[in-house]
Amino acid sequence: MTAGCPSAGAPVLRERGQHEVFCGLTSIIWLHRKMQDAFFLVVGSRTCAHLLQSAAGVMIFAEPRFGTAILEESDLAGMADAQAEIDREVARLLSRRSDIRQLFLVGSCPSEVIKLDLAKAAERLDAQFAPQVRVLNFSGSGIETTFTEGEDACLAALAPRLPASDKRQLLVLGALPDVVEDQMRGLLAEIGIPEVAVLPARRAGDDPAIGPHTRFALAQPFLGDTMAALERRGARHIAAPFPFGEEGTTAWLTAVAAAFGIPAERVEAVTAAPRARARKAISAARETLDGKSIFFFPDSQLEVPLARFLARECGMRPVEVGTPYLHRGILGPDLALLGDGPRLSEGQDVERQLDRLRADRPDLTVCGLGLANPLEAEGLATKWAIELVFTPVHFYEQAGDLAGLFARPLRRRALLTPGVAA
Amino acid sequence: MKLAVWTYEGPPHVGAMRVATAMRDVHYVLHAPQGDTYADLLFTMIERRDHRPPVTYTTFQARDLGADTAALFKTACKAAYDRFRPEALIVGASCTAELIQDDPGGLAEALDLPVPVIPLELPSYQRKENFGADETFFRIVKRLAQPMERSARPTANLVGPTALGFRHRDDIAEVTALLDEMGIAVNVVAPYGASPDDIARLGAAHFNVLMYPETAEAACRWMEKALGQPYTRTVPIGVGATRDFVAEAARLAGVAPKLDTARLRLPWYSASVDSTYLTGKRVFIFGDGTHAIAAARIATEEMGFEVVGLGCYNREMARPVRAAAKALGLEALITDDYLDVERAIEEAAPELILGTQMERHIGKRLGIGCAVISAPVHVQDFPARYAPQMGIEGANVIFDTWVHPLVMGLEEHLLAMFRDDFEFHDAAGPSHHGHKAAAAPAAAEAPVAAPAVTEPAANDNGGKVIWLAEAEAELRKVPFFVRAKARRNTEAYAAARGQARIDVETLYEAKAHYAR
């Protein structure tokens, strides 16, 4: 797909079988904290509600801004008019929560299978509650989305609603923790891009306006549909490696700067100090990680850029890099840096992948929560993949933390196992 | 449709997983979309199991729906059998697969596998996790258990413990010891640790101990009818219930009742003078029906508490919970809506909550201590140490667990005495909990600055009662753990007398009126 990328032709193992991954609803866990005036109403089953409270490993009890309208027998048997039921639940919810400015009706596996038209519901409710509340819909169902693709579906639903603007501007795509977002704005301002629009915005009123003079960069690799939706609005993508580690962050900033006619020397000059800090912070973890092998199970689509960071900046040896979906248009620059060493796999047959893992016996395995303890019990050190999504890991100041996330399980193992060096 | 924020129970197929995961040599093939595999982490993370649950998910996707999901099920089922070689196979559908009506039972039967295939029909849009566990275990027992000769010596089966159960692991050990003392051996524990072969020999026992009605009542009823095995009705949680259980088990086994109480400490700890301060502590109890009923009995008969609220989230247990509440002069709260429970607790203003992890969070929010007595629970309620709820040690564990959230006896008096001290004020919390004692908020020292009257409180007559500023200030001098009670009592006292305003006099008149 991406011409000129050395790894474009690298063979990819594509598998079909049991997928040990979350569905897109899981994205709601961070989206609802990031978008502070949004409520996410899943129209689904008890399983969806149970997933949402279990997936994060803990429950977030600070009055959650998400909930599940649980379908009951009467909804399925056609005894109740599902559209009228949605209207009733939404009216009740919005009357109780006057702080809500945007409401997402989120489709699930059961609502998709019974073909419940949430787009129609959103349109009707949007007209009813405008201008106080805007109502949108997207699907986070497991039959259509994998884990982080829920955020992609959400942002892609927002894209057509963004106001138009002819302004020449930078838009950064993907939910980042507020502290990281602020660091990014600081770096870009020093480089000479003082105004940065971000999607998702913290509040509905802060939505970016977009148009043909908008250039956008991705902060997260799983936003393919959103990227396409923005391109349909005339905005143009800035291809870059993802801002993980010193090298990734510098390359990302340099690509963004180039798109705005700012020379690489300027980036180099203003980032000298944070780059040195990042290298220093990484070097502490590198002592543990250098020469160690690592195996990624598919999870968040962050796997390729993370493998690139660990291989090039921490000296690790990726054995297999599994990802739920390999978007070469987005990951091209990272794949090029990663090179042809590791086995790439897309999709999953978890049993076969476990067979390969046991044959490889890597020093560290990145996997989901369902697999981690059983693999530890087999003597394999693991890193929970979900922590990579819930922890601030982007840009220079987090580069050391990111490396540390991988070093900690190995250091812990060394502490608890006499005779094993980290 | 019903809006849910948090759920007490998962869907029924999670109940089926609790049974399958507890057992050995069975495998569960679940027709389910991508994403339903999240349920594995309940067992591997919350319970810290060192093996994956024995579950294969078909993980169908949108593109499969137009094609052949039935073929996908058959492939997954065959592959699972070939890889895991279980002695029995359970097959079923999750909520989404139920809608596409592929008939996993029929499909699996058609594969002609050389092991028993047990199909499950779990109505995902009507029932929940406990039903799923109960129904799954019943189907397994019905299919595999055989009538057979009773064992020569008196034996019992321990029935009901599952994976992800609240202290099931340790309850098994405790109940085994209770029976052993009377010369009753355990024939089979199921589903926890049982293989299909073990299920087949359930019929050798003289009777069944139904440990958890939530997960095994249907199986016990069937075994009573089909295998002629009576089962116990008493769940041995608490001292009184343990004694009753011993008597019941002895009767069913035809042996003399016997209970070694050498290690039993709850009655003495409760009677010792440091526990005087526990007298009449107001507790709110909510959990699964079995644990809630047991807790209500312990609270009133063994701890000397006053139960101000009692309820359960599993409707299947509504009847006995209603009866237990009625005996205490209460109306039972039967709901699975977490917000209803929060409202009821706020309304009752208890000094202690005995609940699930949901109530632990409610307590945190309302500033009320909470001890966990029932599932659903989180990782910290699967302790490394031996911590049963049943039998002698269970009673000891319960005493410690329930007292822990409260301030200690003498400490309570000191707090009352020095409550105006800037460091040792009552909002600092119990000294053994490790919170950093915050300095008393300055606002509390300046009640004169407060508005003349506070928010009118609604009373039972629908009228409003107004607190005058001095009365409000006086109320603030009452230690925090009884302040809510004092407020309620005073308002009820004023309302009963048709008083619209509460002054300091009213406060102390009410105090005298409710003196105990």
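Numbering of residues starts from 1 in every chain and runs along the sequence as written. Key to labels: chains lettered from A, ligands numbered from 1, both in the order written. Under the rules for a predicted model, residues below a pLDDT of 70 receive no local features and side-chain atom pairs below 80 are neither given nor counted, while totals for whole chains, interfaces and linings still include all residues. Note that water and hydrogens are dropped before the side-chain values are worked out from all heavy atoms of the structure.

## Some remarks on the overall build of chain A
Our working rule: Secondary structure elements are defined from DSSP: runs of H or I of at least 4 residues count as helices, runs of E of at least 2 residues count as strands, and each element is numbered from the N terminus. Each radius of gyration is computed over the set of C-alpha atoms, and the globule rule expresses the reference value as 2.2 Å times the number of residues to the power 0.38. To sort residues, take the accessible area from a 1.4 Å probe on protein chains only and compare it with the maximum for the residue type: under 20% means buried, over 50% means exposed, and anything in between is partly exposed. Contacts are residue-level and defined by heavy atoms, with any inter-residue pair within 4.5 Å sufficient. Note on areas: Shrake-Rupley with a 1.4 Å probe; residue coverage comes only from the protein chains shown. Positive charge is attributed to Lys and Arg, negative charge to Asp and Glu, and no charge count is given to His or to the chain ends. Charge positions are represented by NZ for Lys, CZ for Arg, CG for Asp and CD for Glu.
Counting secondary structure elements, chain A contains 17 helices and 14 strands. Here the C-alpha atoms of chain A give a radius of gyration of 22 Å, agreeing with the 22 Å that 2.2 N^0.38 yields for 422 residues. Across its three principal axes, chain A shows a C-alpha extent of roughly 65 × 50 × 40 Å. Within chain A, the proportion of its 422 residues that are buried is 63%. Put simply, of all contacts in chain A between residues at least 6 apart along the chain, 75% involve residues at least 24 apart. Here chain A displays about 15,000 Å² of accessible surface, and carbon together with sulfur accounts for 52% of that area. Both charge centroids of chain A, one from 46 positive and one from 53 negative side chains, sit 3 Å from each other.

## Looking at the domain arrangement of chain A
Residue and element names in this part refer to chain A. For the record, the criterion: What counts as a domain boundary in this text is fixed by an automatic or database domain assignment. Buried area adds together the accessible area that both of two parts lose upon being put together, with accessible area traced by a 1.4 Å probe. Any Lys or Arg side-chain nitrogen found within 4 Å of a carboxyl oxygen on Asp or Glu counts as a salt bridge.
Segmentation of chain A into domains returns domain 1 (12-19 + 278-416), domain 2 (24-145) and domain 3 (169-264). Each of domain 2 and domain 3 has a C-alpha centre, and these two points are 29 Å apart. The interface is formed by 9 residues belonging to domain 2 together with 11 residues belonging to domain 3. Across the domain 2/domain 3 interface, buried area totals approximately 820 Å², and carbon plus sulfur atoms make up 48% of it. On the surface where domain 2 and domain 3 come into contact, there are 3 salt bridges.

## Details of unusual backbone geometry
In this chain, Leu199 of chain A is followed by Pro200 of chain A through a cis amide linkage whose omega measures 5°. Take Pro200 of chain A: it is sitting in the loop between strand 7 (196-199) and strand 8 (214-218). Along the chain, Ala190 of chain B connects to Pro191 of chain B via a cis peptide bond; the corresponding omega equals 0°. Considering the arrangement of structural elements, one finds Pro191 of chain B in the loop between strand 7 (185-190) and helix 9 (196-200). Look at Phe147 of chain A: it is not a glycine, yet its phi comes out positive at around 45°. As for its placement among the helices and strands, Phe147 of chain A is situated in the loop between strand 5 (134-139) and helix 7 (149-158). Of note, the phi angle at Gln101 of chain B is positive, near 50°, even though the residue is not glycine. Residue position: Gln101 of chain B is located in the loop between helix 5 (95-100) and helix 6 (104-110).

## Thoughts on the sheet that holds strand 4 (residues 88-93) of chain B
Residue and element names in this part refer to chain B. Keep this limit in mind: A pair of strands is considered paired only if DSSP assigns at least 2 bridges between the two. Whenever a helix is involved, its axis is fitted only over the stretch in contact; in every case the axis is a line through C-alpha atoms, and angles between N-to-C directions fall within 0 to 180 degrees.
Taken in spatial order, the 4 strands line up as 3-2-4-5 in an open sheet, and their pairing is parallel. Both outer strands of the open sheet, strand 3 (55-57) and strand 5 (117-119), are each paired with one neighbouring strand and no more. On average, adjacent strands in this sheet sit at an angle of 20° to one another, irrespective of strand direction. Looking at chain direction, strand 2 (residues 26-31) and strand 4 are connected through 6 bridges and run parallel. Among the inter-strand pairings, Tyr28 is bridged to a residue of strand 4, identified as Ile90. Taken strand by strand, helix 4 (residues 69-84) contacts strand 2, strand 3 and strand 4, and its axis lies near 165° from that of strand 2.

## Overview of the nonpolar core
Under the convention used in this document: Definition of nonpolar core: a set of buried residues of the types Ala, Val, Leu, Ile, Met, Phe, Trp, Tyr and Cys, connected through side-chain atoms within 4.5 Å.
Counting residues in each nonpolar core, the largest one holds 178 residues, and the members touching the most others are Phe40, Phe104, Leu289 and Phe406 of chain A together with Tyr28 and Ile199 of chain B. The leading source of residues in this core is helix 17 (residues 396-416) of chain A, at 8 residues. With residues near it in sequence (within four places) discarded, Phe406 of chain A still touches Leu289, Ile294, Leu306, Leu310, Leu364, Val366, Lys383 and Leu388 of chain A. Membership of the second largest hydrophobic core comes to 56 residues, among which are Ile172, Val235, Val246 and Leu354 of chain B.

## Describing the packing of aromatic side chains
What counts is decided by this rule: Classification of ring pairs rests on two measures: the distance between centres of Phe, Tyr or Trp rings, Trp counted by its six-membered ring, which must be within 6.5 Å, and the angle between planes, read as stacked under 30 degrees, edge-to-face over 60 and tilted in between. The rule for a charge over a ring is simple: NZ of Lys or CZ of Arg within 6 Å of the ring centre, and within 35 degrees of the ring normal.
Tallied over the full model, the rule gives 13 aromatic pairs over all chains. Ring geometry for Trp30 of chain A against Phe390 of chain A: centres 6.0 Å apart, planes inclined by 65°, an arrangement best described as edge-to-face. Placement of the pair is Trp30 of chain A in helix 1 (residues 28-34) and Phe390 of chain A in helix 16 (residues 386-390), with a sequence separation of 360 residues. Among the aromatic side chains, those forming a connected cluster through ring pairs are Phe22, Trp30, Phe147 and Phe390 of chain A. Directly above the aromatic system of Trp467 of chain B lies the positively charged group of Arg487 of chain B, at a separation of 5.2 Å from the ring centroid.

## Examining the interface of chain A and chain B
Rules: Identification of polar contacts relies on pairs of N or O atoms within 3.5 Å, with a donor-acceptor requirement for protein atoms, meaning one able to donate a hydrogen and the other able to accept it, and with residues adjacent in sequence counted only if both atoms are side-chain atoms.
Tallying the contact residues gives 65 residues for chain A and 57 residues for chain B. Between chain A and chain B, a total of about 5,200 Å² is buried, with carbon and sulfur atoms accounting for 60% of that surface. Between the two partners, chain A and chain B, sit 4 salt bridges. Arg46 of chain A serves as the salt-bridge partner of Asp336 of chain B, at 3.7 Å between the closest nitrogen and oxygen. Viewed at the interface, chain B and chain A are joined by 26 residue pairs in polar contact (both at pLDDT 80 or more). Per element, the largest residue contribution to the side of chain A that touches chain B is 8 residues, and it comes from helix 2 (residues 46-55) of chain A. Direction of pairing for strand 3 (residues 66-70) of chain A relative to strand 1 (residues 2-4) of chain B: antiparallel, over a ladder of 3 bridges. Looking at the pairing, Ala69 of chain A lines up with Leu3 of chain B of strand 1 of chain B.

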